[in-house]
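# Report on the structure
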Amino acid sequence: MNSSFFFGKNLLFKTSITKSTFSLENNNLLTKQIRNYSKGKISFYDTALLSKYANQHLKPVSLRQLITYGERPLTREKLLDLTRFSQTELPVRLAKRVVAFHNLPFIVGTNPHVFGVYRLYYEAFERLRVFRLVRNLEEEKVYTKSLLQTIQILSNVIPSIAQGIQECTKYIGKPQKDKFLNDLIWSRIGLRVIGEQQVSLSEQFYEQEDIRNETNLEKKKELGSDIDSAWVGTIHTKLKVAKLFEQSSLFVQNMCELHYGITPEFVIDGDTDIEFSYIPSHLEYMSLEILKNAFRASVEWAIKSQKNGNGSVSEYMFDGSGLKFGDRNKIQPIQITVTKGAGSVCIRIRDCGGGIQPETLARIFEYSFSTYHGDENSHAADDANSSHHGGISLTSNLMMQNGAGGPIAGLGFGIPMTKVYAEYFGGSLDIISVIGHGCDVFLKLPSIDYNVGNLQI
Ligand SMILES: Nc1ncnc2c1ncn2[C@@H]1O[C@H](COP(=O)(O)OP(=O)(O)O)[C@@H](O)[C@H]1O
Ligand SMILES: [Mg+2]
């Protein structure tokens, strides 16, 4: 495992957990699976066995316990213990999710996207529950392989469920929709934290064993130097916040350029050396969602201001010759400021994208709420060959299938999901809008070792 670089475990970068999880190939497979499932025959109500599992109480595990399992040296006993815990706990959690799908209005359940995701959860439950508790490392390997496959299959269901729920808005009340999605996302985080911790610790254990068994001293040294002890399973104990935001910003810049043909610059300031303990993939998800909003708002506000020929942005920013490809200097940069508090980190993402109107601001934490309507400003819209899929541009749609951070906008999941991710470990997400100017987004996150070790997952 290449763990010398903290992005090693994340969506944008390579890792044995996520390398294939987010590959285009895999997500095409997922899309295919969802399509096939939507034609499938499974009934929503033919699963008596489910209630046996779904009615069991959860056995919450504390983050501290998960970290303890991963402390080096990793032992066979600790690995088998964690595996058994994951074996008993994950089917119960999956069964509860499947039952939550059953409780949706019938017509919502027949939506192909919703149905497809339901099937993936159902199959994941079936796949994991059949294993008997592992007794040795051979059995552990087989189970962990299946768990990894399950994590990969479930990794990219959000765009599908978002699409499905969006299509069914008129058949489901807002409170029921919000509760269903909040529970789904909240529990999904728990499932993934437990599952991914198990998979990564297993990986780390075998790496450690390879080194221990290596007789060639040179090779042994080389393998040992590859180990980054800052990783404890999926948790990185020295996560460089500014570096992560830089990588995410570069990624969103590319996305923005592809989508609109232009993109703003960004600056990162404050205490750019800050390191803290967090799950990088969680921070990466949050950073991408906040940045996509900031970049989108900046470009759209600039285009709008220019079209209207009024507003401070156009007067201040443009020379009157119009925005062209490569005009990134003419849009105000996104400013990312990183600071450290007592046991926590605060990141402010500031844009000059015109702010949020009060009627929109009141709804931004709602699932499926979006002001993105198709792609009138998009680069792809200029392309005579571009086609559209349910109001989402082809470019975005491909990105959505690619799993590379989802589309630039339109799902209406970015803010509500980022809030759930932030709050999961006791952090917060706040948004301040200055109408006619821009937004400040504050992400406050406690370092997961000090503050929330007792937090139950
Ligand atoms: N920085 C921002 N500036 C202006 N509007 C924003 C900003 N962030 C979010 N919004 C508004 O909040 C809405 C919801 O955001 P989000 O949940 O990320 O969904 P989406 O990006 O898919 O629309 C956006 O459609 C946009 O109208
Ligand atoms: Mg968004």
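Residues numbered from 1 in each chain as written. Chains lettered and ligands numbered in written order. Predicted model: local features only at pLDDT ≥ 70, side-chain atom pairs only at ≥ 80, totals over all residues.

Each helix and strand counted, the protein has 17 helices and ten strands in total. Out of the 457 residues in the protein, the part that is buried amounts to 46%. (Helix = DSSP H or I, 4+ residues; strand = E, 2+ residues; numbered from the N terminus. Buried ≥ 20, exposed ≤ 12 C-beta atoms within 10 Å, placed from the backbone.)

Moving on: the nonpolar core. In terms of nonpolar packing, the biggest core is built from 100 residues, with Val-98 and Tyr-121 touching the most fellow members. The element best represented in this core is helix α13 (residues 280-308), accounting for twelve residues. Not counting the four nearest positions on each side in its chain, Val-98 is found in contact with Leu-50, Tyr-118, Tyr-121, Tyr-122 and Phe-125. (Core = buried A, V, L, I, M, F, W, Y, C linked by C-beta atoms within 7 Å. Contact = placed C-beta atoms within 7 Å.)

With antiparallel pairing, the three strands of this open sheet are ordered in space as β1-β2-β4. Both edges of this open sheet fall to β1 (231-232) and β4 (275-278), since each of them pairs with a single strand only. Bridge count for strand β2 (residues 235-240) against β4 is three bridges, and the pairing is antiparallel. Considered in β4, the bridge of His-236 is made with Tyr-278. Packing of helix α12 (residues 241-260) onto the sheet brings it into contact with β2 and β4, and relative to β2 it is tilted by some 80°. (Pairing = 2+ DSSP bridges. Axes fitted to C-alpha atoms, helices over the stretch in contact; angles between N-to-C directions.)

In the region of ligand 1, 21 residues are neighbours, and Asn-293, Ala-297, Ser-370, Thr-371 and Gly-414 sit closest. Those elements that place two or more of their residues in the shell around ligand 1 are α13 and α17 (414-424). Top element by residues in the shell around ligand 1 is α13. It accounts for four residues. Looking at the shell around ligand 1, its residues break down into eleven nonpolar, eight polar and two charged. (Near = placed C-beta within 6 Å. Nonpolar A, V, L, I, M, F, W, Y, C, P; charged D, E, K, R; others polar.)

Moving on to the environment of Leu-455. With respect to the element layout, Leu-455 can be found in the segment after β10 (438-446). The exposure class of Leu-455 is partly exposed, given the 16 C-beta atoms found within 10 Å. Between the C-alpha atom of Leu-455 and that of Val-61, which follows or precedes it by 394 residues, the distance is 8.1 Å. Ignoring sequence-local partners within four residues, the contact set of Leu-455 consists of Ser-62, Leu-63, Phe-425 and Gly-426.

Compared with an ideal rise of 1.5 Å per residue, which puts 18 residues at 26 Å, helix α7 (residues 112-129) spans 25 Å between its outermost C-alpha atoms and is within 8% of the ideal. Taken residue by residue, α7 has His-113, Val-114, Phe-115, Gly-116, Val-117, Tyr-118, Leu-120, Tyr-121, Tyr-122, Ala-124, Phe-125 and Leu-128 as its buried positions. (Expected span 1.5 Å × (residues − 1).)

Take the environment of Thr-88 next. Note on placement: Thr-88 falls in helix α5 (residues 76-102). Judged by C-beta crowding, with 13 C-beta atoms within 10 Å, Thr-88 ranks as partly exposed. The spacing of Thr-88 and Tyr-53 is 35 residues in sequence and 9.8 Å in space, taken between C-alpha atoms.

Turning our attention to the packing of helix α8 (residues 137-154) against helix α10 (residues 174-213). Two numbers describe how α8 lies on α10: the axes approach to 10 Å, and their chain directions differ by 135°. Taken together, the axes of α8 and α10 are oblique relative to one another. Crossing hand, α8 versus α10: left-handed. Here Glu-140, Thr-144, Leu-147, Leu-148 and Ile-151 of α8 lie close against α10, whose contacting residues are Arg-192, Gly-195, Glu-196, Gln-198, Val-199 and Ser-202. (Parallel < 35°, antiparallel > 145°, perpendicular 65-115°, else oblique. Left-handed = near helix turned anticlockwise from the far one by under 90°.)

Our focus in this paragraph is unusual backbone geometry. Even without a glycine there, the phi angle at Ser-368 is positive, about 70°. With respect to the helices, strands and loops of the structure, Ser-368 is situated in the loop between α15 (358-361) and β7 (388-389).

Now for the sheet that holds strand β5 (residues 334-341). Strand order across the open sheet formed by five strands is β3-β5-β6-β10-β9, with mixed pairing between neighbours. Lying at the two open borders of the sheet, with one neighbouring strand each, are β3 (266-270) and β9 (428-434). Across the sheet, the mean angle from the axis of one strand to that of its neighbour is 15°, orientation sign disregarded. Note: β5 against strand β6 (residues 344-351), seven bridges, orientation antiparallel. Bridging across to β6, Val-338 finds its partner in Ile-347. The strands that α17 touches are β9 and β10; relative to β9, the one it contacts most, it runs at about 135°.

Note that β6 and β10 share eight bridges and pair antiparallel. Across the sheet, Cys-346 pairs through a bridge with Lys-444, a residue of β10. Of the pairings in the sheet, the one linking β9 to β10 comprises seven bridges and is antiparallel in character. Residue pairing for β10: Ile-432 is matched across the bridge by Asp-440. In this antiparallel pair of consecutive strands, β9 and β10, the connection spans three residues, and Gly-436 shows a positive phi of 85°.

For the rest of this paragraph, the subject is the confidence of the model for the protein. Of the residues in the protein, 76% reach a pLDDT of 70 or more, and the chain-wide mean stands at 80. Confidence over residues 1-42 falls short of pLDDT 50; this stretch has 79 contacts with residues more than four positions distant or in other chains. The low-confidence segment residues 380-404, where pLDDT is below 50, has 50 contacts with residues more than four positions distant or belonging to other chains. (pLDDT = per-residue confidence, 0-100.)

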